[in-house]
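If you want the building blocks of each chain, they are given just below.
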Amino acid sequence: MMESVMNFVIEIIREPAIFLGLIALTGLLLLKKDISTIVSGTAKTIIGVVILTQGTNILVSSIEPLTAGFNLMYDIQESEVNPALGSDQVLSQYGTQIGIAMLAAFAINLLVARFTKIKHVFLTGHMLFWFPFIFVAVGVENNLSNVQLIIFASIMTALYIIIAPALLRPFVRKVTGSDDFIIGHPTTILSLIAGGVGKLFGTKGRSSEDIKFPKSTEFLREISITSSITMFLVYLVVSIIIGFDTATEAFAAEQNLFIYSLMQGVLFGAGLTILLLGVRMMLAEIIPAFQGISQKWIPNAVPALDAPILFPYAPNAVLIGFIVSMVTSVATIFITGSLGIFSFVIVPLTITCFFEIGTAAIIGNGTGGLKGAIAGSAVAGVVMILLVGLSVPILNGTIADWIVIFGGNDFSLWAFMTDWIAKLF
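Residues numbered from 1 in each chain as written. Predicted model: local features only at pLDDT ≥ 70, side-chain atom pairs only at ≥ 80, totals over all residues. Heavy atoms only, no water.

Before going further, it helps to examine the pairing of strand E3 (residues 302-305). Bridge count for strand E1 (residues 120-122) against E3 is 3 bridges, and the pairing is parallel. Of the residues in E3, the one forming a bridge with His-120 is Val-302. With 2 bridges connecting them, strand E2 (residues 182-183) and E3 associate as parallel partners. The residue of E3 that forms the bridge with Ile-182 is Ala-304. (Pairing = 2+ DSSP bridges. Helix = DSSP H or I, 4+ residues; strand = E, 2+ residues; numbered from the N terminus.)

Another aspect to go through is the nonpolar core. Within the largest apolar cluster, 135 residues are counted, with the highest numbers of intra-cluster contacts made by Leu-123, Ile-134, Phe-181, Ile-286, Leu-305, Phe-311 and Phe-354. Counting residues per element, this core draws most heavily on helix H14 (residues 350-394), which supplies 18 residues. Beyond its immediate chain neighbours, meaning those up to four positions away, Phe-311 contacts Leu-272, Leu-275, Leu-276, Val-318, Phe-354, Phe-355, Thr-359 and Ile-362. (Core = buried A, V, L, I, M, F, W, Y, C linked by side-chain atoms within 4.5 Å. Buried < 20%, exposed > 50% of the residue type's maximum accessible area, 1.4 Å probe, protein only. Contact = heavy atoms within 4.5 Å.)

Let's shift gears to empty space enclosed by the protein. The tally for this structure, following the rule as stated, stands at 1 cavity of 30 Å³ or more. Examining the composition of the lining of the largest cavity, we find that 3 residues originate from one element, helix H13 (residues 315-339), more than from any other. When the residues that make up the lining of the largest cavity are grouped by side-chain class, the tally is 5 nonpolar, no polar and no charged. (1 Å grid on protein atoms, 1.4 Å probe; cavity = no way out; pocket = protein on both sides within 12 Å on 5 of 7 lines; lining within 4 Å. Points joined across faces, edges and corners; volume = space filled by probe spheres on them. Nonpolar A, V, L, I, M, F, W, Y, C, P; charged D, E, K, R; others polar.)

Moving on, we come to helix H7 (residues 125-141). With 17 residues, H7 extends 25 Å between its outermost C-alpha atoms, agreeing within 8% with the 24 Å of an ideal straight helix rising 1.5 Å per residue. Burial runs high along H7: 14 of the 17 residues are buried. (Expected span 1.5 Å × (residues − 1).)

We now examine the packing of helix H6 (residues 95-115) against H7. For the pair H6 and H7, interaxial distance at closest approach is 9 Å and the crossing angle is 120 degrees. What the angle tells us is that H6 and H7 run oblique. For the element pair H6 and H7, the recorded crossing hand is right-handed. Along its contact with H6, which presents Gln-97, Ile-98, Ala-101, Met-102 and Phe-106, the element H7 presents Leu-128, Phe-129, Pro-132, Phe-133 and Val-136. Grouping the amino acids of the contact of H6 with H7 by side-chain chemistry returns 9 nonpolar, 1 polar and no charged. (Axes fitted to C-alpha atoms, helices over the stretch in contact; angles between N-to-C directions. Parallel < 35°, antiparallel > 145°, perpendicular 65-115°, else oblique. Left-handed = near helix turned anticlockwise from the far one by under 90°.)

Turning our eyes to something else, we now look at the pattern of salt bridges. As enumerated under the stated definition, the model contains 3 salt bridges in all. The shortest N-O distance in the salt bridge between Asp-179 and Arg-169 comes to 3.2 Å. One end of the pair, Asp-179, is in the loop between helix H8 (146-176) and E2; the other, Arg-169, is in helix H8, and 10 residues separate them in sequence. Here the residues in one salt-bridge network are Arg-169, Arg-173 and Asp-179, joined through shared partners. (Salt bridge = Lys/Arg side-chain N within 4 Å of Asp/Glu carboxyl O.)

Read from one edge to the other, the open sheet built from 3 strands follows the order E1-E3-E2, with strand pairing classed as parallel. Only two strands of the sheet have a single neighbouring strand rather than two, namely E1 and E2. Seen against the sheet, H8 touches E1, E2 and E3 and runs at an angle of roughly 120 degrees to E1.

Glycine aside, the phi torsion of most residues is negative, and most peptide linkages are trans. Even without a glycine there, the phi angle at Lys-32 is positive, about 60 degrees. With respect to the helices, strands and loops of the structure, Lys-32 is situated in the loop between helix H2 (16-30) and helix H3 (35-63). Positive phi is not limited to glycine here, since Ala-252 has a value of about 55 degrees. Mapped onto the fold, Ala-252 is located in the loop between helix H11 (244-250) and helix H12 (257-296).

Here the focus is the environment of Leu-72. Locating Leu-72 in the fold gives a position in helix H4 (residues 65-73). Between the C-alpha atoms of Leu-72 and Ala-104, which are 32 residues apart in sequence, the distance is 45 Å. What Leu-72 contacts, discounting residues up to four positions off in sequence, is Ile-242, Thr-246 and Ala-250.

A few words now on the layout of surface pockets. Volume-wise, the largest pocket comes out at about 750 Å³. Forming the walls of the largest pocket are 30 residues, and the residues nearest its centre are Thr-56, His-126, Met-127, Trp-130 and Asp-306. Secondary-structure elements contributing two or more residues to the lining of the largest pocket are H2, H3, H7, H14 and helix H15 (400-406). Take the lining of the largest pocket: its biggest share by element is 6 residues, from H3. Residues that form the lining of the largest pocket fall into these classes: 18 nonpolar, 9 polar and 3 charged.

For the structure shown, the criterion picks out 23 aromatic pairs. Ring centres 5.2 Å apart and planes at 80 degrees place the aromatic pair Phe-129 and Trp-130 in the edge-to-face group. On the basis of an interplanar angle of 15 degrees and a centroid distance of 5.8 Å, the ring pair of Phe-251 and Tyr-260 is categorised as stacked. Pair check on accessibility: Phe-251 and Tyr-260 agree, each one buried. (Phe/Tyr/Trp six-rings, centres within 6.5 Å; stacked < 30°, edge-to-face > 60°.)

What follows is the structure in structure tokens.
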């Protein structure tokens, strides 16, 4: 019975829409709003998160084929990482330990926010799950027992969700001009690097959002149009370089390559438009509702939310971060491969380039304007590949197959750091 209840709670937290809907409901109840406002605010929060999630899924599907194209462009072989267990096996075999660690870490976060000066609550539900997944894998690699796994993963997850958003908080405040929310997402290390590089090499005067367009091209101010054209050109350039026949096979295109590239670009623009709509809708409800929790239970607390929440503040920077980091990261893959630095193959991380480094570029733009966004995302693209290279050997027997796709960020950094701590257990 107890296990069934725990599994039910875990499923709720893993589902971002339901989890944030319950947070909004709780906040509105604490504010003693009328029934109509409670129902409306809760429903709009859930719908907003679903819209955001669907936009994210569309974006991922529109950029995933590029990985195969870049592999061929730079003659990069498919990943040769084949761990003994694999991520699917880790999820099925250690799901209970991951779930308990997730709930324990979230409880610790609430206590810290209530009784210390670190006033934020980590509400990115799916990341609340994936970090204990990483730490359990690190524990398994170090032969920890079941009890040790739970203690280790709980403590490390709690440390991450408490420390990482706090480190990024001043940078987010600089971008948004307020303290309404902060970011709870594995972009932290890359964003801190971009923020530092932006401050060092950037110029505060000109923002990425101040890019001037001639009157005849003012339509490019629309991020949906600009992003569609950009991705269309990226697909077209990659196709020209590797050859149209090869590109058709690599992208699994079932139509004329020009039309395919155009539609992938349009799909990307549509996904970004949907994502931004979901962000605006969710923020409009969750921020006021969270004030109820802040006022009644955790005074002065702010929510730590998913990275795309920041996209509307500098959408041009997101595109700059994606394109620049793709160039520098692929170049780094080519150089490290040629020098034989790593004993395994690393493939381009298009998803990390867009979400984590797109966010990092916004932070770089906040500290150093347009130059900060470019320089920050360029350096972050290099660091991303090095982080993957450091983390794969740590997770070689468990989830290396997962980290080479979704790593190069806080997942990789914290796996590397906590491996030393796990040895103490």
